[in-house]
Amino acid sequence: MTDIDTPSRPTIWTNATLLAPAGVAAPAPGRGALVAEAGRIVALGDTADLPATLLARAEVVDCGGRLVTPGLIDCHTHLVHAGDRADEFERRLAGASYAEIAAAGGGIMASVRAVRAADEDALVAAALPRLDRLAADGVTTVEMKSGYGLDLDAELRMLAAARRLGRERPVRVVTSFLGAHAVPAERRDDRAAYVRDVVERMLPAVAAAGLADAVDAFLETVAFDEAEVRAVFDAARRLGLPVKLHADQLSDGGGAALAAAYGALSADHLEYTGEAGAAAMAKAGTVAVLLPGAYYLLRETRRPPVEAFRRHGVPMAVATDCNPGTSPLTSLLFAMNMAATLFGLTVAECLDGVTTAAARALGLSAEIGALEPGKRADLAIWNATRPAELVYHLGADLLHSRVFGGRADRPAARATP
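From a predicted model like this one, the values you see are computed outputs, not experimental measurements.

**Focus: the UniProt feature "binding site: N-formimidoyl-L-glutamate" (unreviewed entry) in the protein**
Phase 1: Mapped onto this structure's residue numbering, the UniProt feature "binding site: N-formimidoyl-L-glutamate" (unreviewed entry) falls at Y148, N323 and G325. In terms of the greatest pairwise C-alpha distance, the residues named above, spread along 178 residues, form a tight cluster of at most 11.5 Å across. Those annotated residues lining the largest cavity are, specifically, Y148, N323 and G325.
Phase 2: Tracing the chain through its elements places Y148 in the loop between β7 (139-145) and α6 (152-168).
Phase 3: The exposure class of Y148 is buried, given its relative accessible area of 3%.
Phase 4: The topology assignment puts G325 in the loop between β13 (316-318) and α13 (332-343).
Phase 5: On the basis of relative accessible area, G325 is assigned to the buried category, the value being 3%.
Phase 6: Excluding anything up to four places from it in sequence, G325 contacts R85, R92 and L297.

**Topic: the domain arrangement of the protein**
Phase 1: Here the domain parsing of the protein yields domain 1 (11-70 + 371-409) and domain 2 (72-362).
Phase 2: Measuring from the centre of the C-alpha atoms in domain 1 to the corresponding centre in domain 2 gives 31 Å.
Phase 3: Counting from both sides, the interface comprises 21 residues of domain 1 and, opposite them, 19 residues of domain 2.
Phase 4: At the boundary of domain 1 with domain 2, total buried surface from both sides reaches about 1500 Å², with 69% on carbon and sulfur atoms.
Phase 5: The largest contributions to the domain 1 side of the interface with domain 2 come from V391, R402 and F404, which together make up 38% of the buried area.
Phase 6: If you look at where domain 1 meets domain 2, you find one salt bridge.
Phase 7: Between R172 and D378 there is a salt bridge, and its shortest N-O distance comes to 2.9 Å.
Phase 8: Counting every contact that joins domain 1 to domain 2 gives five residue pairs in polar contact (both at pLDDT 80 or more).
Phase 9: Among the secondary structure elements, those contributing two or more residues to the side of domain 1 that touches domain 2 are β5 (67-70), β14 (379-382), α16 (387-392) and β15 (399-404).
Phase 10: Looking at the side of domain 1 that touches domain 2 element by element, the count peaks at five residues for α16.
Phase 11: Of the residues belonging to the side of domain 1 that touches domain 2, the class tally is 15 nonpolar, one polar and five charged.

**What to know about helix α5 (residues 120-135)**
Phase 1: The end-to-end C-alpha distance of α5 is 22 Å, a good match for the 22 Å that 16 residues give at a rise of 1.5 Å each.
Phase 2: Within α5, the axis deviates most sharply at L128, by approximately 30°, and proline P129 lies no more than four positions further along.
Phase 3: Turning to α5, its buried residues number three or more, namely L123, V124, A127, L128, R130, L131, R133, L134 and A135.
Phase 4: The secondary structure elements touched by the buried residues of α5 are β6 (72-74), α4 (108-116), β7, α6, α13 and β15.
Phase 5: The N-capping residue of α5, defined by a side-chain oxygen 3.3 Å from the backbone nitrogen of D121, is D119.

**Here's the deal with the packing of aromatic side chains**
Where two aromatic rings form a pair, the distance of their centres and the angle of their planes describe that pair.
Phase 1: Inspection of every chain in the model, using the stated rule, returns three aromatic pairs.
Phase 2: Between Y194 and F224, the aromatic rings sit 6.5 Å apart at their centres with planes inclined by 25°, giving stacked as the arrangement. Here Y194, found in helix α7 (residues 191-208), pairs with F224, found in the loop between β9 (214-219) and α8 (226-238); they are 30 residues apart in sequence, far enough to count as distant.
Phase 3: Classification of Y194 by relative accessible area gives buried; the value is 0%.
Phase 4: Ring centres of Y295 and F343 lie 5.0 Å apart, and the angle between their planes is 80°; on these two criteria the pair is classed as edge-to-face. With a gap of 48 residues between them, Y295 in helix α11 (residues 292-297) and F343 in helix α13 connect regions that are remote in the sequence. Side by side, Y295 and F343 carry an identical accessibility label, which is buried.
Phase 5: Seen from the ring of F404, R376 lies directly overhead, with NZ or CZ sitting 4.9 Å from the centre.

Here is what the cut-offs are and how they apply
Residues numbered from 1 in each chain as written. Predicted model: local features only at pLDDT ≥ 70, side-chain atom pairs only at ≥ 80, totals over all residues. Heavy atoms only, no water. UniProt positions renumbered as here; feature names shortened; annotations may be inferred. 1 Å grid on protein atoms, 1.4 Å probe; cavity = no way out; pocket = protein on both sides within 12 Å on 5 of 7 lines; lining within 4 Å. Helix = DSSP H or I, 4+ residues; strand = E, 2+ residues; numbered from the N terminus. Buried < 20%, exposed > 50% of the residue type's maximum accessible area, 1.4 Å probe, protein only. Contact = heavy atoms within 4.5 Å. Domains from an automatic or database assignment. Buried area = accessible area lost by both parts, 1.4 Å probe. Salt bridge = Lys/Arg side-chain N within 4 Å of Asp/Glu carboxyl O. Polar contact = N/O pair within 3.5 Å; in protein donor to acceptor, adjacent residues only side chain to side chain. Nonpolar A, V, L, I, M, F, W, Y, C, P; charged D, E, K, R; others polar. Expected span 1.5 Å × (residues − 1). Bend = angle between axes of the 7 residues up to and from the residue. Phe/Tyr/Trp six-rings, centres within 6.5 Å; stacked < 30°, edge-to-face > 60°. Lys NZ or Arg CZ within 6 Å of the ring centre and 35° of its normal.

Here it is, written out as C-alpha cells:
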C-alpha cells in the first residue's frame, strides 16, 4: 500500500448523501457530514449539527449533495499479467469451449508463457493502466493474484509486481498466491510432483518473502482435484495464511463445501454450487464472490445460486475477475451492472458486494468497506445522488473524487491500454 501523508487537521465532507451501513440510519440526503482525522473516519452526522469549533479548525469539503460511498473494493482480480488472449475470444465466438482451448495449449498456459517472458518492470508497466481504470471507478482496494507463473521465480515476480503497484498508486493491494491455478505444460507428466513443489517449495518461499496475504487454488475438472487442493490448503494453514478458492465454475465439484471446511475467506465463481454448498458456506462465514464478467464472456447459461445464498444468509461480493482470457474487465461499476442484470442482484446487494461483503472476502472488515467511525477514510464521491445510478449507467464517468486514507485524488479518466 502506498505511504501517504495524511492531513494534519480534520477534514469534513459536508452536504453529502451518505451510503450508510445496513441497519444504520443515515442523515437526510444531501445533509450528511463525515469527519476524518489521521486517515480514519471519526464521526458521521448531519451537517447542521457540526460544532462551530470543529468547523473552525477543519478543512471543509462541500459535496453539494453528492453520493458518498466507501471506496470500492475489487476483491478478485488477476490484474498482473502480460499479453492478451483476444485470439481465444474469437475462437470461443466460433464455438470452441474453455476446455478445448486449454487442451490445445491456450487458456492459462498462454498467459503463463507471456508472464515468464516478462520481467517485473514489464509486468508493472502493463498492469498500471488497468489499475488506473479501476481507480477511475472509485476503487481504493484491489486483490491481485499470481498464478500465471507456475514456477517459483515467475510466481515471486508476479507477487512482487503486485506489491509495487500498491506503492506506485494510492491504492491498497492485497495479494493471493495462486500457484495451484493449473499444472504447467512441462509438468503434466507428473502433476503430483508439481503439487509437491507448490506445497513444499513455492508456498514456503512466498510466505517467507511476505508476498502473499492469502492462498488461492482452482478446484475444477480442468485444474486441480479435491485431494490436491487439500494438500495446498493444509500447507497454507501450517504457514498461518488464510485461503480462498475458485470453486464450482464449470461443474459442481464440491468446491463451496471444501472452501467452507477450511474456513475460507471466500469461494469464487460458484455457478454450479448446490444447496448443500451454500449452506456450508453460510455456516463457515465464507463469502460468495460473484464474477459476472467471466460468466458473460464465456457465454455461460447457469447462474450462481443467488436465491440459495439469500436463503442461507451467505454474503455476496462482486468483482471484475480482471484477467486476459475470460474477463478482460476493468470497470467495477460495469461488474455491478452485470451482477444486477445477469444474476438478479438488487442495487443494495450490488453496493454491498463491492464494499462490506468485498472487505469481508479479504479479511479486512475491521479496516474498510463501510462508512463507520474507526474505519479507514477511503471514500468515493460520485456525480450522483442515488445508489441506483452507480448500477444503472453503462460506461459513464461518474466519479467526482476519490479519497484514500483521508487524502483526495482524482484518477485520470479511463484510457485505452
